[in-house]
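As a plain string of letters, each chain reads:
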Amino acid sequence: EPILSIQREKAMNRKTFIVFCLIFSILCLPILWLIVWHHGATAAISWPGSLGGPTEPGYNPVDMLWWLLLFTPVWGACGGIFSAGLSTARYVLPRYGRLRRWWFFLIGRTMAVNLLYFVLLTMINIFCFPKSAALENMNVPMAFSLTWIPVILWVHSSAMIAIMIWIVILSQQHTMALFFILVMQALGKIPVIMGFPPALNPLVWGMYGYSTDCMSAGGFSPGFVLIAEILCV
């Protein structure tokens, strides 16, 4: 009977997580559509658009706010999931039997929400991206970039979530951890403006506009960045 009770509780937890993912997806759709619409408008003027990051020469606060809007919903949700899992650890650990098993379930759910968010972004980007004449006349690998940019964003987001998880563990403050990585992202471009090469600045590795595909000197290699940030996670 205790085993059946544990199994029923785990099934209930899975259902709760699925419901959470559905609600999270529905709430994020308007934000993601707005972000993709803005990306389409900016890409028609200057490739790779806003999803490539605020990579203009100066520091534009409005462009930076659009960049932070992209990550805030998923970082807030992932931080909340991990913080809630940490706060209830003493009650649920006996049901998992081993600490490692509980840890991987918690990290798995956190990163699953992160993956879901960027899958939604990719789908909206592919199906809602405006096929304007300006874009058609530009010599850019459209199909490649429509999927490559979200992959870079997803991996960079995963690395930032890994940092946020450490901060939550050490401080027990989810809100402070979220605020800290948002500030890191907001200020991360300043060294590049001052002449520091993007290839040596991990805080801008999510900005495709600073990659070697978009700039000739000092840009980061997308392949190297993906491997490095996956290792960070």
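This text follows the structure it describes.
Residues numbered from 1 in each chain as written. Predicted model: local features only at pLDDT ≥ 70, side-chain atom pairs only at ≥ 80, totals over all residues. Heavy atoms only, no water.

This next bit is on the nonpolar core. If you look at the biggest cluster of nonpolar residues, it comprises 58 residues, and the most contacted ones within it are L70, W75, V113, Y117, L153 and M164. When contributions to this core are tallied by element, the ones reaching two or more residues are α1 (2-43), α2 (61-87), α3 (89-96), α4 (99-128), α6 (142-171), α7 (174-187) and α9 (222-232). When near neighbours in sequence (up to four residues on either side) are disregarded, W75 contacts S157, M160, I161, M164, H174, L178, I181, L182 and Q185. (Core = buried A, V, L, I, M, F, W, Y, C linked by side-chain atoms within 4.5 Å. Buried < 20%, exposed > 50% of the residue type's maximum accessible area, 1.4 Å probe, protein only. Helix = DSSP H or I, 4+ residues; strand = E, 2+ residues; numbered from the N terminus. Contact = heavy atoms within 4.5 Å.)

Further remarks concern empty space enclosed by the protein. Over the atoms rolls a probe the size of a water molecule, and its path tells where empty space is left. By the definition in use, this model includes 1 cavity of 30 Å³ or more. Estimated volume of the largest cavity: approximately 40 Å³. Lining the largest cavity, in full, are I35, H38, S50, L51, W66, W67 and L70. If you list the elements that add at least two residues to the lining of the largest cavity, you get α1 and α2. Sorting elements by how many residues they give to the lining of the largest cavity places α2 first, with 3 residues. Its residues assigned to classes, the lining of the largest cavity shows 5 nonpolar, 2 polar and no charged. (1 Å grid on protein atoms, 1.4 Å probe; cavity = no way out; pocket = protein on both sides within 12 Å on 5 of 7 lines; lining within 4 Å. Points joined across faces, edges and corners; volume = space filled by probe spheres on them. Nonpolar A, V, L, I, M, F, W, Y, C, P; charged D, E, K, R; others polar.)

All right, on to the side chain of S211 then. Of note, S211 is situated in the loop between α8 (190-193) and α9. Setting aside chain neighbours within four positions, we find S211 in contact with G219, F220 and P222.

This part takes up the packing of aromatic side chains. Aromatic rings considered in pairs are described by the distance between their centres and by the relative angle of their planes. Scanning all chains against the criterion turns up 9 aromatic pairs. Between F71 and W75 the ring centres are 4.7 Å apart and the planes differ by 15 degrees, which places this aromatic pair in the stacked class. Of this pair, F71 and W75 are both found in helix α2, 4 residues apart, which corresponds to roughly one turn of the helix. Its relative accessible area of 0% is what places F71 among the buried residues. Pairing F82 with W103 gives two aromatic rings, centres 5.8 Å apart and planes at 90 degrees, and the pair type is edge-to-face. In this pair, F82 sits in helix α2 while W103 sits in helix α4, placing the two residues 21 residues apart along the sequence. Three or more aromatic residues joined by ring pairs make a cluster, and in this case those are F20, F24, W67, F71, W75, Y117 and F118. Above the ring of F17, the side-chain terminus of R109 is found at 5.4 Å from the ring centroid. (Phe/Tyr/Trp six-rings, centres within 6.5 Å; stacked < 30°, edge-to-face > 60°. Lys NZ or Arg CZ within 6 Å of the ring centre and 35° of its normal.)

All right, on to the packing of α3 against α4 then. Two elements in contact, α3 and α4, have axes whose closest approach is 8 Å; the angle formed by their N-to-C orientations is 115 degrees. Of the possible angle classes, the one that applies to α3 and α4 is roughly perpendicular. At the point where α3 passes α4, the crossing takes the right-handed sense. Every residue of α4 that contacts α3 at A89, V92, L93 and Y96 is listed here: L99, R101, W102 and F105. Its residues placed into classes, the contact of α3 with α4 shows 7 nonpolar, no polar and 1 charged. (Axes fitted to C-alpha atoms, helices over the stretch in contact; angles between N-to-C directions. Parallel < 35°, antiparallel > 145°, perpendicular 65-115°, else oblique. Left-handed = near helix turned anticlockwise from the far one by under 90°.)

Attention shifts here to α9. Among all positions of α9, only P222, V225, L226 and E229 are buried. Looking straight down α9, one finds that the buried residues subtend no more than 100 degrees of arc, so they occupy a single side. Exposed positions of α9 whose direction lies more than 90 degrees from the buried face are F224, I227 and L231. (Arc of directions from axis to C-beta.)

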